Structures are given as C-alpha cells and as structure tokens.
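The lines below spell out each chain.
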Amino acid sequence: MFVIPKPILYLPLNGNACDYTGNRLNGVLVGNNRFIDGRFGHGFKHTDLNSKLNIPNDTRLKPSQAITVCCWAKATSTVSNNYYHLVTYRARESLPWQNYSLTMIDNTSGKISFAINCDNTVVNVAAVDTTTFPLKRWVFVAGTYDKVNIKLYIDGKLRTVTA
C-alpha cells in the first residue's frame, strides 16, 4: 500500500507566514511586501525583486528520494533581465548550492522552470515549460523530482519532463 507522506511545510499565508504542519518552519517577511487575497484564502505579493519570505534552513527541506514543490501564482507581467522566484530553497548562499526552485526564467517570454541541484555540484537539471506563463490569473504550478525525472505541471497538466 502506498502511503502519501505528510507535507514538510505548508504556508496558507492567512495574514502571517506560519507553517501549519506543526514543524515550526515559520517564515519571515523580508523587504517591501504584503499579504493579499489569494486564489484560496490569502497570498503574498512580491512588490519588487528583493521582496521575499524566508524560511529557516532545515534538513527536512532537503530532498533525499523525491520532492514536490508547488504553489499558486499570479503574474501581472513577465520579467526582463532577471528571475522571479515563486519558490526557492537554498541550503547556502554560495556555490555549490543544494537547491530547488520554481522560477519565471530570465527573459520576457515568461516561461516557468523547475530546477533542482541535489548532488552538491554546480550542475542544475531543469524542466522548462515551452509556453508563456498565463498573466493576470491564478495558476497552480508544481514541480516534482523522483531521482530520475524532473516534471513540471501547470494547472495539473504535465508540461515537460527532463531526465
């Protein structure tokens, strides 16, 4: 029988950055940002590229076998010459990072990628959507990794797979 594991982190953003799993991985707001009405309940609005919600570094956030990272996102415009991180985990701030990230990639096309680096090298493997991210509507974005494939889903539909 397959058992669905409990989430390690769940942030419904109900006017705060509290982790609702009981793991006490509560977030801290950084920069000029605010809570807004979201797709379900509340959301967090990045007002500039320096706005973020920091979560404490914790070994439970490092994938050992598999991981799913997901969020609801609503973009009002694409980014130019920068990255817009929807969800990013960095075990450290210097290379080589051990990380994963759901990101609107660096161009005006507004494509979404799910990248992961879990072998302590500077090589990332990424699944990049081939279509433009929809603007001005809520979209469910999910990236999965099972030690073989990286998959990217948009609104529950598999968009791309990278082995």
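Our subject is the structure that appears above.
Presented here is a report on the structure given in the accompanying data block.

Here we look at the side chain of D19
Thought 1: Residue position: D19 is located in the segment before β1 (28–30).
Thought 2: Of the side chains bearing the opposite charge, R60 lies closest to the buried D19, which forms no salt bridge; the N-O distance is 6.7 Å.
Thought 3: Of note is the side chain of D19, whose polar atom sits 3.2 Å from the backbone nitrogen of L25.
Thought 4: In this structure, D19 is in contact with I8, L9, Y10, L11, R24, L25 and N26, ignoring residues within four places of it in sequence.

Quick word on the pairing of strand β12 (residues 157–162)
Thought 1: Of the pairings in the sheet, the one linking strand β11 (residues 150–154) to β12 comprises 5 bridges and is antiparallel in character. Bridging from a neighbouring strand, L152 pairs with T160 of β12.
Thought 2: In sequence, β11 turns back onto β12 through a hairpin of 2 residues, with D155 there showing a positive phi of about 50°.

Examining the packing of aromatic side chains
Two aromatic rings, taken as a pair, are described by how far apart their centres are and by the angle between their planes.
Thought 1: Taken as a whole and judged by the stated rule, the model has 4 aromatic pairs.
Thought 2: Measuring from ring centre to ring centre gives 5.3 Å for F40 and W72, while their planes differ by 65°; the resulting arrangement is edge-to-face. Taken together, the positions of F40 in the loop between β2 (33–37) and β3 (42–46) and W72 in strand β5 (residues 67–73) put the pair 32 residues apart, joining distant regions of the chain.
Thought 3: Grouped by ring-pair contacts, the aromatic residues F40, W72 and F140 constitute a single cluster.

Focus: the side chain of D58
Thought 1: Structurally, D58 is set in the loop between β4 (52–54) and β5.
Thought 2: Taking relative accessible area as the criterion, D58 reaches 16% and is therefore assigned buried.
Thought 3: For D58, the residues in contact, after removing those within four places along its chain, are L25 and Y89.

So, the pattern of salt bridges
Thought 1: Overall, the coordinates contain 3 salt bridges when judged by the stated rule.
Thought 2: For R60, the salt bridge goes to D58, with nearest N and O atoms at 2.8 Å.
Thought 3: For R60, a relative accessible area of 37% translates into the label partly exposed.
Thought 4: Here R159 and D129 are joined by a salt bridge, their closest N and O atoms 3.4 Å apart. Taken together, the residues R159 in strand β12 and D129 in the loop between β9 (125–128) and β10 (139–145) connect sequence positions 30 residues apart.
Thought 5: A relative accessible area of 33% places R159 in the partly exposed class.
Thought 6: Accessibility expressed as a relative area gives 3% for D129, which makes it buried.

Remarks on the sheet that holds β11
Thought 1: Across the sheet, 4 strands lie side by side as β5-β10-β11-β12; this open sheet has antiparallel pairing. Edge strands, defined here as strands with exactly one partner in the open sheet, are β5 and β12. The mean angle between the axes of side-by-side strands here comes to 15°, regardless of whether they run parallel or antiparallel.
Thought 2: Pairing of β5 with β10 involves 7 bridges; the strand directions are antiparallel. Among the inter-strand pairings, C70 is bridged to a residue of β10, identified as A142.

Procedures and definitions
- Residues numbered from 1 in each chain as written.
- Predicted model: local features only at pLDDT ≥ 70, side-chain atom pairs only at ≥ 80, totals over all residues.
- Heavy atoms only, no water.
- Helix = DSSP H or I, 4+ residues; strand = E, 2+ residues; numbered from the N terminus.
- Buried < 20%, exposed > 50% of the residue type's maximum accessible area, 1.4 Å probe, protein only.
- Lys, Arg positive; Asp, Glu negative; His and termini not counted.
- Salt bridge = Lys/Arg side-chain N within 4 Å of Asp/Glu carboxyl O.
- Polar contact = N/O pair within 3.5 Å; in protein donor to acceptor, adjacent residues only side chain to side chain.
- Contact = heavy atoms within 4.5 Å.
- Pairing = 2+ DSSP bridges.
- Phe/Tyr/Trp six-rings, centres within 6.5 Å; stacked < 30°, edge-to-face > 60°.
- Axes fitted to C-alpha atoms, helices over the stretch in contact; angles between N-to-C directions.

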